[in-house]
Amino acid sequence: MASKGQSLHAKAGENIFAKNPKVSAELLALTYGAFVHRLIKDDGATTSSASAGSGENAEEVNAILDKMGYNIGCRMVDEFFAKAPQQGLCRDLNDTAKVIGEQAFKMFLGVTAEVSSFDSENKAFSLILRENPLADFVILPAAYANKLWYSNLLCGVIRGALEMLNMKVACYFRKDILRGHDCTEMRVELKEIIKDKYEEDDDEK
C-alpha cells in the first residue's frame, strides 16, 4: 500500500505493480545469470579459449548486454504506456527521471530507484538501486570483478526507451554492489533532443 510520503509517480508504480502478474524474483535472477554466463562462454569461445576465464572478453559482453537492452527498451515503451495510460509526456528531465525510477523500475523489476545527483544544467542524473533483482545470488569471478558490468542490460533498456521518446542519452554504471560498492548507481546523461521526422521536414520548407 502506498504511504503518505510517496510521490504521485511512486504511487502509480505501486498500483501498477500490484495489478500486474508477478514473476518470481529468484527465477528472474537465475535466468538472467544463466544468460550472462552463456554470453561469457560463447564470446570467449569466439576470441580465444582462455578469454572466457580470464575476463578479457568482459568489455565485449558489456557491449552485447547494452545492445540487447537497447532493443528491449525500444519495444518496452509501448508496454509501459499500455500499462500506465494516464502517464502523459514528461515536462522535463527531472520528471523523466522520476518516472523511470519510481514507475518504470517498479513496473518491470518490482523495485524503485532513487533519483539523485542532478548536474548544474539539469542534463544528467543518477539512479540508485539499493536492491537489484538481477544481481541476487551472484558472485562475480575474480577475473571479472572489476571489468564486467553484470546488469548492463538495464543501461541499454533506459537508452533505448528514452530514444523512442526523442531523447538521446548515454547511460552507464558508476557503482555496482557486485564490485563491493554500497549501492548500484547508473548515470544518465542527456546528449540530444531528437527532432521528429515531420519537424525536420517543416524546417526544410
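These numbers come from a predicted model, not from an experiment.

Asker: Which residues make up the overall build of the chain, and what values do they have?
Answerer: Counting its regular elements, the chain contains seven helices and four strands. Walking the chain from its N terminus toward its C terminus, one meets helices and strands in the order α-α-α-α-α-β-β-α-β-β-α. Across the 205 residues in the chain, those meeting the buried criterion constitute 43%. Intrachain contacts of the chain at a sequence separation of at least 6 include 62% that bridge at least 24 residues. Carbon and sulfur atoms provide 54% of the accessible area of the chain, an area that totals close to 11500 Å².

Asker: Explain the nonpolar core residue by residue, including any values.
Answerer: Nonpolar side chains in soluble globular proteins tend to end up buried together. Of all hydrophobic cores here, the largest spans 38 residues; its most connected members are F105, L127, L148, Y150, I158, M186 and V188. At the level of elements, α2 (25-47), α4 (58-83), α5 (93-109), β2 (124-129), α6 (152-164), β3 (167-175) and β4 (184-193) are the ones that each hand at least two residues to this core. Residue contributions to this core peak at six residues, all from α6. Listed in part, the five residues of the second largest apolar core include A84, V99, A104 and M107.

Asker: I'd like to hear about the packing of α4 against α5, residue by residue, with values.
Answerer: In contact at an axis separation of 11 Å, α4 and α5 are set at 90° when each is read in the N-to-C sense. For the element pair α4 / α5, the angle class is roughly perpendicular. In contact with M76, E79, F80 and K83 of α4, α5 contributes V99, Q103, A104, M107 and F108.

Asker: Lay out the environment of L134 in plain terms, naming residues and giving numbers.
Answerer: With respect to the secondary-structure elements, L134 resides in the loop between β2 and α6. Aside from chain neighbours lying at most four places away, what touches L134 is L28, A29, Y32, Y150, S151 and L154.

Asker: I'd love a proper account of the pairing of β2, names of residues and values included.
Answerer: Across the six residues of β2, six count as buried, placing the element largely inside the fold. Going residue by residue along β2, you find A124, S126 and I128 tucked away on one face and F125, L127 and L129 tucked away on the opposite face as well. Of the pairings in the sheet, the one linking strand β1 (residues 114-116) to β2 comprises three bridges and is antiparallel in character. Looking at the pairing, V115 lines up with L127 of β2. For β2 and β4, the ladder comprises six bridges, and the chain directions are antiparallel. The residue bridging I128 from the neighbouring strand is E185, located in β4.

Asker: Lay out a nonpolar patch on the surface in plain terms, naming residues and giving numbers.
Answerer: There is a patch of nonpolar side chains on the surface, built from L89, M164 and L165 and spanning about 310 Å² of accessible area. In this fold, M164 is placed in helix α6. Look at M164 and you get partly exposed, because its relative accessible area is 41%.

What counts, and at which threshold
Residues numbered from 1 in each chain as written. Predicted model: local features only at pLDDT ≥ 70, side-chain atom pairs only at ≥ 80, totals over all residues. Heavy atoms only, no water. Helix = DSSP H or I, 4+ residues; strand = E, 2+ residues; numbered from the N terminus. Buried < 20%, exposed > 50% of the residue type's maximum accessible area, 1.4 Å probe, protein only. Contact = heavy atoms within 4.5 Å. Areas by Shrake-Rupley, 256 points an atom, 1.4 Å probe, with all protein chains shown as cover. Core = buried A, V, L, I, M, F, W, Y, C linked by side-chain atoms within 4.5 Å. Axes fitted to C-alpha atoms, helices over the stretch in contact; angles between N-to-C directions. Parallel < 35°, antiparallel > 145°, perpendicular 65-115°, else oblique. Pairing = 2+ DSSP bridges. Patch = residues over 30% accessible without salt bridge, like charges linked within 9 Å, V, L, I, M, F, W, Y side chains within 5 Å. Salt bridge = Lys/Arg side-chain N within 4 Å of Asp/Glu carboxyl O.

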